[in-house]
Structure formats: structure tokens, C-alpha cells
Amino acid sequence: DGLDISYAGSGDVPGYLLNQFSMDENDGYLRVATTTGQMWRGNGATTTGNNLYILNDDLEIVGSVEDLAPGERIYSARFVGNKAYMVTFRQVDPLYVIDLSDEENPKVLGYLKVTGFSNYLQPYDENHLIGIGHEASLEGRSQGLKISLFDVSDFENPVEVDKYVFEGQWSSSEAEYDHKAVLFDKEKNLLVIPVSVNNYDYRDYWQGAYVFNIDTEGIGLKGRITHNEKNGESGQYYDYYGYVRRSLYLDDVLYTLSDKKIEANDLNTLQEIKDLNIPWNYNYPKVVSTDIVF
């Protein structure tokens, strides 16, 4: 009521949250995904468990699923309508599908175990999910950035339809921990994320935007865009100011943004149309905007 703010109440659930996608409100119920315990103790043992709680409008727990994947922790969670998707990881990646249609009796419908893990889950449609994370060996050792496409139309038997694994064990993306770095458009089958590819050698390092064609059949690389250039015969040297951070499209033009410049590319061919350098003093720090408004 305007500036008249009153305290309404509070509730609590065991454990800790991963991020904002670990909480969701639907039809007056609050759904929360948490991890309890510790990943590492003095003797190296793990005591974690993973849980999903449903609270009513009085913030009282009315339903729960507890102690999923003991010894692991939540790497990503996403609520879509009456379904929850949760990824845990230690050596392999279980993707859990949880039915929330009966708030007092949520239940695990099925799960899929694949190598690696997803740090971020992006709904493609009601039957498909995009996972952005890392590939890993059967022993749980990271082997590079990975994009997965999951088919969850059969809730009891989710399937990894396709995956794209980036070169370089130390490849990474800001999209793993900041969803604003993800450009996705289902109608255009478009997925764009910033990527850093590192092969242990500064002369073999690449940073820029990867552009994908993605549909329910699979993931295909359309091309790459970088704001950095080769530096003589010594190889490729990249500075932080040329890191592509964000992307968006207007009509048939794809724009990418770094601290160094804004570049416009043809959305169909990815050929460069024009770029705009951003002049400023490199001796002073500058943080690129996390939101782009045109």
C-alpha cells in the first residue's frame, strides 16, 4: 500500500540456495531447491543431500522431496510450470525431473545420468531443455565447456539428444553463471554465448561469441565472432577489454558488445557489417553494462 509496508511472515527450509533459479512461485506456492551438508570434510568425506520443498502462502512446508543424490550438490535448477528440473554432480550428471502438480506429494518422475554437468538450464520449449556447463570424464574430471540438448517429453526417461563440446579443457563461458550472457530465440533457432577457449598456451587462446543453430533435432555451430585480432607472429594475444560479454539482434543484424567496441554482423552469414570502437583510457578500470537497451 504505497510506502506503508508491513511484515507479513516468514518461513524456513533446510540447506542453502544456489541462485535465483532455485526459487519459484506458482499458484500461491513457493518451490525451493536446496543443498544441505558439506561437500568436503576433514577426512574428505561428503555429507550433502539435495532437496525440494513446497511452501504454502503461510510459508509452511506442505510437501518435499529430500536427500536426492547424497554426496553431490545442486549445479543448476529450473522450474517450468508443474515440473522441476535439477542437476547434481560429483562424477556424472543426474538430471532429475520432478512432478510438482500435487503440492503435498511431489515426486521424482525420472532421471538421466550423463557425463559432465550443467551450470545453467534454459527452457527451449515444454519438452526440451538446453544445458550449459562442462563435459567431464567418468571420474568427474572437467574436460571443457559443453552445451547439451535434453528431451524431457517422456518425463520418466529424459534423453540427451545432442551435445557440443568445446575444445580446450579450460574453456569456459560467462553464461555458466550469468543468464544475461545467453541470447536465445526459439523462433530463429538461435543460441549465442560468450566463450573463452584456452589450450594451455597464451598463443592458442580465443575469446568471443559462439553462434549456434539449435532446434529439437540438435545443435550446430554457425560461426564465431571475436573482438580481438592477431598480434604479429608471436600468436594471438587477447586483452580483457576485448572480451565479448553480451549479444542481441535487431531485425537481421547480430550485435556483440565488449569494453572495446560494438560490432554488427549479418545474422544469417555472420559477415561483419560495421563496428564502433569505444574510446577510453585503458589506465582506468571500466565495467561493461550487464544490460543492453536500445
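It should be emphasised that the depicted structure is a prediction, and the values quoted were computed from it without experimental measurement.

About the thresholds
- The numbers attached to residues start from 1 for each chain and follow its sequence in the written order.
- Under the rules for a predicted model, residues below a pLDDT of 70 receive no local features and side-chain atom pairs below 80 are neither given nor counted, while totals for whole chains, interfaces and linings still include all residues.
- Hydrogens and waters are ignored; side-chain quantities use all the structure's heavy atoms.
- Criterion used throughout: strands pair if DSSP finds at least two bridges between them.
- Put simply, DSSP marks the helices as runs of H or I at least four residues long and the strands as runs of E at least two long, and each gets a number from the N terminus on.
- Inter-axis angles, ranging from 0 to 180 degrees, are taken between N-to-C directions of lines fitted to C-alpha atoms, where helices are fitted over the stretch in contact.
- Burial classes: relative accessible area under 20% of the type maximum marks a residue as buried, over 50% as exposed, and values in between as partly exposed (1.4 Å probe, protein chains only).
- Under this definition, polar contacts are N or O atom pairs within 3.5 Å; protein pairs additionally need one hydrogen-donor-capable and one acceptor-capable atom, and for neighbouring residues in sequence, both atoms have to be side-chain atoms.
- In this analysis, two residues are considered to be in contact whenever any of their non-hydrogen atoms come within 4.5 Å of each other.
- By nonpolar core is meant a set of buried Ala, Val, Leu, Ile, Met, Phe, Trp, Tyr and Cys residues that side-chain atoms within 4.5 Å join together.
- In summary, the pairing rule links any two rings of Phe, Tyr or Trp, Trp by its six-membered ring, whose centres are within 6.5 Å, and it sorts them by plane angle into stacked for under 30 degrees, edge-to-face for over 60 and tilted for everything else.
- Our definition puts a charge over a ring when NZ of Lys or CZ of Arg is within 6 Å of the ring centre and also within 35 degrees of the ring normal.
- Salt bridge, as applied in this entry: a Lys or Arg side-chain nitrogen positioned within 4 Å of an Asp or Glu carboxyl oxygen.

A word on the sheet that holds strand β16 (residues 218–225)
Across the sheet, 4 strands lie side by side as β13-β14-β15-β16; this open sheet has antiparallel pairing. Pairing within the sheet leaves two strands with one partner each, and these edge strands are β13 (183–185) and β16. Between one strand axis and the next, the sheet turns through 30° on average, direction left out of account. Pairing analysis gives 9 bridges linking strand β14 (residues 190–198) to strand β15 (residues 205–215), with the strands arranged antiparallel. The residue bridging V195 from the neighbouring strand is G208, located in β15.

Overview of unusual backbone geometry
Backbone phi values are negative for most residues with the exception of glycine, while trans is the configuration of most peptide bonds. The residue D27 is not glycine, and still its phi comes out positive at about 55°. Secondary-structure assignment places D27 in the loop between β1 (23–26) and β2 (29–36). Judged by relative accessible area, D27 falls into the exposed class, the value being 64%. Backbone geometry at L270 places phi at a positive 70°, although glycine is not the residue there. Here L270 is to be found in the loop between β19 (261–266) and β20 (272–277). Its relative accessible area of 11% is what places L270 among the buried residues.

Quick notes on the side chain of S171
Structurally, the position occupied by S171 is in the loop between β12 (159–165) and β13. From its side chain, S171 meets the backbone nitrogen of L145 in a polar contact 2.8 Å long. Excluding anything up to four places from it in sequence, S171 contacts H134, G144, L145, F166, S196, V197 and N198.

Quick notes on the nonpolar core
Within the largest apolar cluster, 21 residues are counted, with the highest numbers of intra-cluster contacts made by I130, I147, F166, L191 and I193. For this core, the secondary structure elements donating two or more residues are β9 (117–125), β10 (128–136), β11 (142–151), β14 and β15.

Some thoughts on the packing of aromatic side chains
Using the criterion set out here, one finds 12 aromatic pairs in the structure. Aromatic pair Y75 and F89: ring centres 5.4 Å apart, planes at 80°, arrangement edge-to-face. Separated by 14 residues along the polypeptide, Y75 in strand β5 (residues 73–80) and F89 in strand β6 (residues 83–89) bring together distant segments of the chain. In terms of burial, Y75 and F89 fall into one category: buried. A cation sits over an aromatic face here: R73 above Y75, 3.9 Å from the ring centre. The ring of W206 has R224 lying over it, and the distance from NZ or CZ to the ring centre is 4.0 Å.

Remarks on the side chain of S258
Checked against the element boundaries, S258 lands in the loop between β18 (253–257) and β19. We classify S258 as buried; its relative accessible area is 1%. At a separation of 3.1 Å, a polar atom in the side chain of S258 contacts the main-chain amide nitrogen of K260.

Here's the deal with the environment of E217
If you trace the backbone, E217 turns up in the loop between β15 and β16. Residue classification places E217 among the exposed positions, given a relative accessible area of 66%. Through-space distance from the C-alpha of E217 to that of D162 is 7.7 Å; in sequence the pair is 55 residues apart.

Description of the sheet that holds β10
On the basis of which strands lie adjacent, the open sheet formed by 4 strands has the order β9-β10-β11-β12 and antiparallel pairing. In this open sheet, the two edge strands, each paired with only one partner strand, are β9 and β12. Strand after strand, the sheet turns through a mean of 25° between neighbouring axes, direction not considered. Across 6 bridges, the pairing between β11 and β12 is antiparallel.

Observations concerning the environment of L121
Looking at the element boundaries, L121 is found in strand β9. Spatially, the C-alpha atom of L121 lies 9.2 Å from that of E176, the residues being 55 residues apart in sequence.

Observations regarding the pattern of salt bridges
Taken as a whole and judged by the stated rule, the model has 9 salt bridges. With a shortest N-O distance of 3.2 Å, E174 and R246 are connected by a salt bridge. Residue E174 is located in the loop between β12 and β13, and its partner R246 is located in strand β17 (residues 246–250); the two are separated by 72 residues in the primary sequence. A relative accessible area of 12% places E174 in the buried class.

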